[in-house]
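Residue-level structure breakdown
Single-letter residue listing:
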Amino acid sequence: MTDMPREPVLRTESISKSFGALKASNNVSLTLYPGEIHALIGPNGAGKSTLIKQISGGLTPDAGRIEVLGQDVTALDTVARARLGLGRTFQISSLAMEFTVLQNAVLGALGARGNAFSFFRKVMKDAELLARAEEALKRVGLWQDAGKRTADLSHGQRRQLEVAVALTLKPRLFLMDEPMAGLGASGSKALTGFLDELRQEAPILLVEHDMDAVFALADRISVLVYGEVIATGTADEIRQDPQVRQAYLGDEEEA
Ligand SMILES: Nc1ncnc2c1ncn2[C@@H]1O[C@H](COP(=O)(O)OP(=O)(O)OP(=O)(O)O)[C@@H](O)[C@H]1O
Ligand SMILES: [Mg+2]
């Protein structure tokens, strides 16, 4: 990314969240700019998912402020934030395994999974929802599997489906929590290629342990340790940061 536009699509300002005595988020300030992949890395339990949940609206920060596309969303719930264009994939799969690929995508397009079930047969005939689902499935390369049971997909295909479900809402930005988890080398490579293209249309705040993917994709990287951002910078800056190497990357390379 050469010239960085001035207005971020996402900004957190001094987000803090404690669970009892544990500071899971400690004054976290970060930004996401148009066209950018900003990776958030850090050891297990550092508070990455907790931060993502606060940005998406599932968890309320104790202090701080969250802005999406210039709007203060701190008091808005998950549905309202999704309507503003905040798309999300989860660390733990949120797919309905006994449903077909198409059904999951249509429910995603409906954007109201929780209470959709009583109208399910009607929903599956809604032309606009079907069109959105089809477009999203085609984009991730799953359209030929639309009729398959989700449980019968490979792990990698399920990850692709999760991205497709998020795409149905045409997000303006993405939060992704470990999309590469459990993917083999070829699966990670395919998803890496896809995210590389996706950033142009929707920038991504990417939580990921797969360092090959992170260093290949990220325009900027922030390192979270014990709830605190200890460094933000380009891949090179982060690789060379002594504090980061000691707290995190050094361990990985020795392992
Ligand atoms: N609802 C909760 N109640 C109490 N403690 C929690 C809760 N959610 C998370 N924690 C704790 O907060 C800390 C941060 O957890 P979090 O899941 O955000 O870490 P993470 O960086 O996503 O880790 P991983 O890389 O393993 O996914 C951990 O110590 C975790 O046990
Ligand atoms: Mg996590």
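Look up: the structure comes first, before these words.
Note that the structure is a prediction, hence the values are computed from the model and not measured. (Residues numbered from 1 in each chain as written. Chains lettered and ligands numbered in written order. Predicted model: local features only at pLDDT ≥ 70, side-chain atom pairs only at ≥ 80, totals over all residues. Heavy atoms only, no water.)

**Digging into the packing of helix α3 (residues 101–110) against helix α5 (residues 127–139)**
Interhelical geometry of α3 versus α5 gives an angle of 115° and a closest axis separation of 8 Å. Read as a crossing pair, α3 and α5 show a hand that is right-handed. Contacts between α3 and α5 involve V101, L102, A105, V106, A109 and L110 from the first element and L129, L130, R132, A133 and L137 from the second. Split into classes, the residues belonging to the contact of α3 with α5 amount to 10 nonpolar, no polar and one charged. (Axes fitted to C-alpha atoms, helices over the stretch in contact; angles between N-to-C directions. Helix = DSSP H or I, 4+ residues; strand = E, 2+ residues; numbered from the N terminus. Left-handed = near helix turned anticlockwise from the far one by under 90°. Contact = heavy atoms within 4.5 Å. Nonpolar A, V, L, I, M, F, W, Y, C, P; charged D, E, K, R; others polar.)

**Focus: the sheet that holds strand β3 (residues 37–41)**
Ordered by their spatial adjacency, six strands build an open sheet running β6-β7-β8-β3-β9-β10, and the pairing between neighbours is mixed. Both edges of this open sheet fall to β6 (86–89) and β10 (228–233), since each of them pairs with a single strand only. The sheet shows a mean angle of 15° between the axes of neighbouring strands, taken without regard to direction. Of the strand pairs in this sheet, strand β9 (residues 220–225) and β10 are connected by five bridges, and their pairing is antiparallel. Across the sheet, the residue bridging to S222 is T232, located in β10. The strands that helix α1 (residues 48–56) touches are β3, β6, β7 (173–177), β8 (204–207) and β9; relative to β6, the one it contacts most, it runs at about 145°. (Pairing = 2+ DSSP bridges.)

**Considerations on the site of ligand 1**
If you check the shell around ligand 1, you find 14 residues, and the closest are G45, K48, T50, Q91 and H209. At 2.9 Å, a side-chain N or O of H209 approaches an oxygen atom of ligand 1. In isolation ligand 1 exposes 640 Å². Once the protein is present, 62% of that is buried. Those elements that provide at least two residues to the shell around ligand 1 are β2 (22–32) and α1. Ranked by residue count, the leading element in the shell around ligand 1 is α1, at three residues. (Near = heavy atom within 4 Å. Polar contact = N/O pair within 3.5 Å; in protein donor to acceptor, adjacent residues only side chain to side chain. Areas by Shrake-Rupley, 256 points an atom, 1.4 Å probe, with all protein chains shown as cover.)

**Some remarks on unusual backbone geometry**
Backbone geometry places N27, a non-glycine residue, at a positive phi of 55°. In this structure, N27 sits in strand β2. In this model, L69 sits at a positive phi of 50°, which is unusual for a non-glycine residue. The class for L69 is partly exposed, based on a relative accessible area of 30%. (Buried < 20%, exposed > 50% of the residue type's maximum accessible area, 1.4 Å probe, protein only.)

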